[in-house]
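Chain and residue survey
Residues per chain are reported as follows:
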Amino acid sequence: VVNDGSTDGTGALVARYTGVEQLVHNPNRGLARSIDAGLRHLGDSVDVGMVLHADCVPQGASWVFRMLAPFVDPSVGAVVSGRRLAAKPVGAERFFDAVAPQDFPNPEGRDREILFFRDKCDAYRLSALRQLGGFDTDAFYAAGEDTDLSIRMRGAGWRILQSGRAEVAIG
């Protein structure tokens, strides 16, 4: 768990679980640095790393397996979970949620190619991230890191898929 300077009791909650490691950034280092640090911390022996923000709730007991299944294809660099909003978005989120491919209905239930991920509930092939140098932690503090990495990942020939069977509720 990457605890990026939270003040909501996250540290105490995570400490209650044995076997769960917590990386603490104090003060807050920003989204790109937090995600990058967490994925790098997994090490070279791990093939796929997953990001799940605190406001995302996986739907169904097999969510992890559904997220990992597309990685049997060696050209897949990232898999994005489908998303269902638990509350109506407000402010800037209204724009981002209106254009996010993860929010579009997928009645076929098949994995589909998308252009961008949003790094809220995604899985990444770590060798692809190492090849690309991970998230750009110098240029992006609070937004844009996901679009930048998506562009670089696709430019390097990696595929980005939205899972047709894995979904999270957000909010």
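Residues numbered from 1 in each chain as written. Predicted model: local features only at pLDDT ≥ 70, side-chain atom pairs only at ≥ 80, totals over all residues. Heavy atoms only, no water.

**What about the packing of aromatic side chains?**
Aromatic ring pairs are reported here in terms of the distance separating the ring centres and the angle at which the planes meet. Enumeration according to the criterion identifies 2 aromatic pairs in this entry. Between Phe117 and Tyr124 the ring centres are 5.2 Å apart and the planes differ by 75 degrees, which places this aromatic pair in the edge-to-face class. Each member of the pair Phe117 and Tyr124 is classed as buried. Summarising the aromatic geometry, the rings of Tyr124 and Phe135 are spaced 5.8 Å apart at their centres and angled 85 degrees between planes, so their arrangement reads as edge-to-face. Placement of Tyr124 in strand 7 (residues 121-125) and of Phe135 in the loop between helix 5 (126-132) and helix 6 (145-155) is noted, with a sequence separation of 11 residues between them. Pair check on accessibility: Tyr124 and Phe135 agree, each one buried. (Phe/Tyr/Trp six-rings, centres within 6.5 Å; stacked < 30°, edge-to-face > 60°. Buried < 20%, exposed > 50% of the residue type's maximum accessible area, 1.4 Å probe, protein only. Helix = DSSP H or I, 4+ residues; strand = E, 2+ residues; numbered from the N terminus.)

**Let's talk about the side chain of Asp122**
One can find Asp122 in strand 7. Notably, Asp122 is buried but unbridged: the nearest opposite-charge side chain belongs to Arg83, and the N-O separation is 7.8 Å. Here Tyr124 takes part through its side chain, which lies 3.2 Å from a polar atom of the side chain of Asp122. Sequence-distant contacts of Asp122, that is, excluding residues within four places in its chain, are made with Gly49, Met50, Val51, Met67, Val79, Val80, Ser81 and Phe117. (Lys, Arg positive; Asp, Glu negative; His and termini not counted. Salt bridge = Lys/Arg side-chain N within 4 Å of Asp/Glu carboxyl O. Polar contact = N/O pair within 3.5 Å; in protein donor to acceptor, adjacent residues only side chain to side chain. Contact = heavy atoms within 4.5 Å.)

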